[in-house]
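This is what each chain is made of:
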Amino acid sequence: MASRQTRQLLDLLDGFEMTKSQHDWLERRFENMTVKESLLFRGAMQIEQPRMTCDVMLIASQLDHYDLFYGAGDDVQLGKFIMEQIQRPSDQAREFLDPEKVGAAYRQKGGNTFCDGHFIKGTSLIDPFLDSDPLMNPDKGDFAIRVKLASRTNMDGVWVGFPDTGEYMDAAHPDELLLALDELEAESLTECIAMEVDCCLPQLKDIPSQYDSAAQLIRHAIDFGYAWSEQGQGEPRWLDKFMAVMELEDCRRLDYALDLAQNLHCYHFMPRDMDLADYGKELAKRDGIYPKDELLASCFDAEGYANQRMKRMGLSAAEHGFVSWNGTELNFEYSQPEMEPTMSM
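Let me sum up the structure you'll find in this document.

Here is what the cut-offs are and how they apply
- Residues numbered from 1 in each chain as written.
- Predicted model: local features only at pLDDT ≥ 70, side-chain atom pairs only at ≥ 80, totals over all residues.
- Heavy atoms only, no water.
- Helix = DSSP H or I, 4+ residues; strand = E, 2+ residues; numbered from the N terminus.
- Buried < 20%, exposed > 50% of the residue type's maximum accessible area, 1.4 Å probe, protein only.
- Contact = heavy atoms within 4.5 Å.
- Areas by Shrake-Rupley, 256 points an atom, 1.4 Å probe, with all protein chains shown as cover.
- Lys, Arg positive; Asp, Glu negative; His and termini not counted.
- Charge placed at Lys NZ, Arg CZ, Asp CG, Glu CD.
- Pairing = 2+ DSSP bridges.
- Phe/Tyr/Trp six-rings, centres within 6.5 Å; stacked < 30°, edge-to-face > 60°.
- Lys NZ or Arg CZ within 6 Å of the ring centre and 35° of its normal.
- Axes fitted to C-alpha atoms, helices over the stretch in contact; angles between N-to-C directions.

### Examining the overall build of the chain
Thought 1: Tallying secondary structure elements over the chain gives 14 helices and nine strands in all.
Thought 2: For the chain, the spread of C-alpha atoms along the three principal axes comes to 70 × 50 × 45 Å.
Thought 3: Within the span of the chain, comprising 345 residues, buried residues form 45% of the whole.
Thought 4: In the chain, 68% of the contacts between residues at least 6 apart in sequence involve partners at least 24 apart.
Thought 5: With the model as given, the accessible surface of the chain reaches about 18900 Å², and the carbon-plus-sulfur share is 48%.
Thought 6: Considering the chain, the positive charge centre built from 33 side chains and the negative charge centre built from 62 side chains are found 2 Å apart.

### Structural notes on the pairing of strand 9 (residues 321-325)
Thought 1: In terms of burial, strand 9 is largely enclosed, as four of its five residues are buried.
Thought 2: Here strand 7 (residues 267-271) pairs with strand 9 via five bridges, running antiparallel. From the neighbouring strand, His268 faces strand 9, where its bridge partner is Ser324.
Thought 3: As judged from the three bridges shared by strand 8 (residues 316-318) and strand 9, these two strands associate in the antiparallel manner. Each residue of the ladder has a partner; that of Ser316, found in strand 9, is Val323.
Thought 4: Where strand 8 folds back on strand 9, the antiparallel hairpin that results is connected by two residues.

### A short note on the packing of aromatic side chains
The description of two aromatic rings rests on the distance between their centres and on the angle between their planes.
Thought 1: Taken as a whole and assessed by the stated rule, the structure comprises 13 aromatic pairs.
Thought 2: Each ring, one from Phe69 and one from Tyr168, has its centre 5.6 Å from the other, and the planes form 85 degrees; the classification is edge-to-face. With Phe69 in strand 1 (residues 66-69) and Tyr168 in the loop between strand 5 (154-162) and helix 8 (175-184), this residue pair connects regions lying 99 residues apart in the sequence. Comparing Phe69 with Tyr168, the two get one shared label, buried.
Thought 3: A centroid spacing of 6.4 Å and a plane angle of 90 degrees characterise the contact between Phe81 and Tyr168, whose relative ring orientation is edge-to-face. Linking Phe81 in helix 5 (residues 75-86) with Tyr168 in the loop between strand 5 and helix 8, this pair joins segments that are 87 residues apart in sequence.
Thought 4: Just above the ring of Trp159 sits the side chain of Arg146; from NZ or CZ to the centre is 3.9 Å.
Thought 5: Sitting above the plane of the Phe322 ring, Arg272 keeps its charged end 4.9 Å from the centroid.

### Some details on the sheet that holds strand 8
Strands in a sheet are paired, the pairing made by backbone hydrogen bonds, and the direction either parallel or antiparallel.
Thought 1: Pairing is antiparallel across the open sheet formed by three strands, whose spatial order is 7-9-8. Unpaired on one side and paired on the other, strand 7 and strand 8 mark the two borders of the sheet. Within the sheet, the average angular offset between the axes of one strand and its neighbour, ignoring direction, is 30 degrees.

Set out below in structure tokens:
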């Protein structure tokens, strides 16, 4: 049976001509939407005024092209939001700025709308479908992890997803979480339970049973979302190394995965698709023994050095590369490990 949210969103499409496959895709997409995605979709529909079902599907697939200004439900609140989160005028200038005028001026730029007590703004043009068949697009948002929360007033539950990529929000209390609590009519997570978890790492199973409270789970989900988004602040091959370390340590828990993500410097790693000679050259430079002289460097057996170092490092083969613990002590912030890190002899 479709949820209340799905029924409400489908009602917006009354009068649209669509095939059964289009209807089924949209129903799945609406069912998987977080509360924030649902709000962005409703706002985007007001902004774009689509006439064809394929355009509706395009909007539903690209909600990251819209920004939410949480709580900016009228010109006064919008003006305050602009001056607190975006422009930040000096205290002296603020005395001579009327929030209502500021909000109205910002709103009149166009490509935006008020929706359910918030402000929705288009940030860029949505892109055409890359695939000729829009039904091939994912029917879930692009989240590292989603949690379905329920409360006494909403036992059906709502989805909340991370990372929340809103530009103007409190990182500790992202819009995804605030909107979910609003929908659940809950003042805090202590009034909620976690029903389901959908994680991008399939080896992390039965996550709700790993936590005593929804509050702790959500806190870890927020941090996991940020870690997944930052990927070592752009460190090359971060994801491959993380996945290889996860396999090496047989990680099945979300809290342990968070700790491993923070301790990747404690592991040796070689990507599977990396040329052995290039890896040997990189290791030799890192170890300070690669010749600086051009002639000697051209004669250096980088592949042989790689083989020797790999043997000494005790690298184990994993799906995403070769990995081993380098002996550095791991720092456990989220989990309580039951055993020492894997040591290859």
